[in-house]
Structures are given as structure tokens and as C-alpha cells.
Amino acid sequence: MTLLLDDVTLTYPDGDGRLTALDAVSLEVPAGRVTAVVGPSGSGKSSLLAVAATLVTPDRGRVVVAGTETAALDPAGRAALRRERIGIVFQQPNLLPSLTAVEQLQVMAHLSGARPKAVRERALTLLDAVGLVDLAARRPHQLSGGQRQRVNIARALMNEPSVLLVDEPTSALDHERGGAVVDLLVALTRERGTATVLVTHDEAHATRADTLVQVEDGRLTSRAVA
Ligand code: ADP
Ligand code: MG
């Protein structure tokens, strides 16, 4: 199992008490599969991704990423795990305004000390995989919303992650373009063998996943894909 959440509970400080964002959540995501997470606003979807990304440490429960028990890691170990094993796509493509599409990808790998030529080739291959190789020299303001989100996804794949965590990637897109981004995520998941978690509020998009789970008040309810 590439991503495992076992009996995870997460609370946040809330006035005098605590707010339970995740309540005994267990989830297994195998390599090459997409699990869609749906649920109302405030139900805990982003919290689930933050815990899986090791950005937030749960009060209770285990988070295992590509065989690594994350509770055993110190902050530097968690940062290394994120860099090497986890790709994250947030709701808004937080691209750097001054960089071209290919450079957005290249800066990811420069942090890990790979050779520049190999890095550029890998970046172009990934842009090709998301259908943007012809736009590699464009800066974010010269790209549409959907194109920016594709760059964002390609960037998340730059370090060959085992786990891909995607939070509402289509919220800034119309339904059709959003559907194309979800189809792309499913295809990339198959091709690259990532364990993918896709948070979406769009039920039609969610049914393209292999597994569909619903979150309500921090609790998971499994649901069959229609
Ligand atoms: P969703 O992504 O489904 O909209 P979230 O995971 O963002 O839900 O939020 C779940 C609950 O946790 C909400 O009640 C939200 O207000 C609360 N919450 C989220 N992040 C924090 C935080 N950093 N501090 C305090 N409360 C938070
Ligand atoms: Mg959210």
C-alpha cells in the first residue's frame, strides 16, 4: 500500500476547546489508483491531504508513505520525504510569475542537485505528457487557467513521487476543462504508478476515480464508484 492512513484523528485549537477535523479516518491508496474524496466545505478534505502530505501531524493514528512510518521522522526527514516521495497540487496553481512553464518544473529539481540538462529534458517530457510542450517558453500570464493547472500537475510529478495529492484542481475551471484535467490525472496515475488522492466537489469528476470516499464532519464513508 503506497499511502496508508490508519485511524487518524486531527484536532485544531478552537476557542477554549478543540475542533475535530478528522475523526478516526482510515484510508488505503494503492499505486496506480485514484481515490476521489468528496464532501461539503469544511468537512475535512484539505485536512486529510495535509496529514497525508506530512504537513500536519495528527493527534492520533498512523500515516505511512511509500513504506515509511512518518511518525518516526523528524522535521528534516519529513521535508525530505515530501520532496522525494510526495507530489502536491493545490487548488490555486501557485506558479512563479517570472518563470516560463519549463522553468517552473526545473526549479523543483534544482533543489535536489540533479544535472541541469537531464532536468530540462525531464521537464520537457512532463510538459509533453500534459500536452503543453509547445508552450514551454510561456509565462503564467500567457497561459489559460486550465493550462496553468496542467503546469502545476506536471511540476508535482517532477521528482517522480509515489504519492500524488490533489486538492480541488478544477475549481477555477469550467466543467469541461475541469473534466479534461481529471482525465489527465487518471491517465498520469496509471502511467506513472502514483497513489493519487483527488479532492473534488464535482461528483461527475469523482466518478472517474477508482475509489470514491465521502467525508462528513471529519468521518469517512466509503462509496462505490457509480
Ligand atoms: P474542507 O477542505 O473539506 O473544506 P478543511 O479540512 O479545510 O475542510 O477544514 C475542516 C475543518 O477544520 C473546518 O471546520 C475548518 O474550519 C477547520 N480548520 C481547517 N484548518 C484549520 C486550521 N489551520 N486551524 C483551525 N481550524 C482549521
Ligand atoms: Mg479544502
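Just above sits the structure.
These numbers were taken from a predicted model, which means no experiment stands behind them.

A few words on the site of ligand 1. Taken together, Tyr12, Leu19, Ala21, Pro40, Ser41, Gly42, Ser43, Gly44, Lys45, Ser46 and Ser47 form the complete shell of residues around ligand 1. Interatomic distance of 3.1 Å between a backbone N/O atom of Gly44 and an oxygen atom of ligand 1. In the environment of ligand 1, an oxygen atom lies 2.9 Å from a nitrogen or oxygen atom belonging to the backbone of Ser46. Here ligand 1 has 560 Å² of accessible area as a free molecule, and 60% of this is covered by the chains. Counting residues per element, the ones that place at least two in the shell around ligand 1 are strand E2 (17-29) and helix H1 (45-52). Partitioning the shell around ligand 1 into residue classes produces four nonpolar, six polar and one charged.

Close contact between helix H4 (residues 116-129) and helix H6 (residues 175-192) brings their axes to 11 Å; oriented N to C, the two are set at 130°. Considering the angle they form, H4 stands oblique to H6. Packed against H4, whose contacting residues are Arg122, Leu126 and Ala129, the element H6 presents Leu184, Leu188, Glu191 and Arg192 at the interface. For the contact of H4 with H6, the residue count by class is four nonpolar, no polar and three charged.

What follows covers the nonpolar core. Judged by nonpolar contacts, the single largest core of 37 residues is most densely connected at Leu105 and Leu127. Every element with two or more residues in this core is listed here: strand E3 (34-38), helix H3 (101-110), H4, helix H5 (145-156), strand E7 (163-167) and H6. For this core, the element with the most residues is H6, which contributes six residues. When near neighbours in sequence (up to four residues on either side) are disregarded, Leu105 contacts Ala123, Leu126, Leu127, Val151, Ala154, Arg155 and Met158. Val8, Val37, Ala52 and Ala53 belong to the second largest nonpolar core, which has 26 residues in total.

All right, on to the side chain of Asp167 then. Within the secondary structure layout, Asp167 lies in strand E7. For the buried Asp167, no salt bridge exists, and the shortest N-O distance to an oppositely charged side chain is 6.8 Å, to Lys45. Excluding residues that lie within four positions of it along the chain, Asp167 makes contacts with Ser46, Leu49, Val89, Phe90, Gln91 and Val199.

So, how was this worked out
- Residues numbered from 1 in each chain as written.
- Chains lettered and ligands numbered in written order.
- Predicted model: local features only at pLDDT ≥ 70, side-chain atom pairs only at ≥ 80, totals over all residues.
- Heavy atoms only, no water.
- Near = heavy atom within 4 Å.
- Polar contact = N/O pair within 3.5 Å; in protein donor to acceptor, adjacent residues only side chain to side chain.
- Areas by Shrake-Rupley, 256 points an atom, 1.4 Å probe, with all protein chains shown as cover.
- Helix = DSSP H or I, 4+ residues; strand = E, 2+ residues; numbered from the N terminus.
- Nonpolar A, V, L, I, M, F, W, Y, C, P; charged D, E, K, R; others polar.
- Axes fitted to C-alpha atoms, helices over the stretch in contact; angles between N-to-C directions.
- Parallel < 35°, antiparallel > 145°, perpendicular 65-115°, else oblique.
- Contact = heavy atoms within 4.5 Å.
- Core = buried A, V, L, I, M, F, W, Y, C linked by side-chain atoms within 4.5 Å.
- Buried < 20%, exposed > 50% of the residue type's maximum accessible area, 1.4 Å probe, protein only.
- Lys, Arg positive; Asp, Glu negative; His and termini not counted.
- Salt bridge = Lys/Arg side-chain N within 4 Å of Asp/Glu carboxyl O.

Without other data, these values stay purely geometric and don't point to any function.
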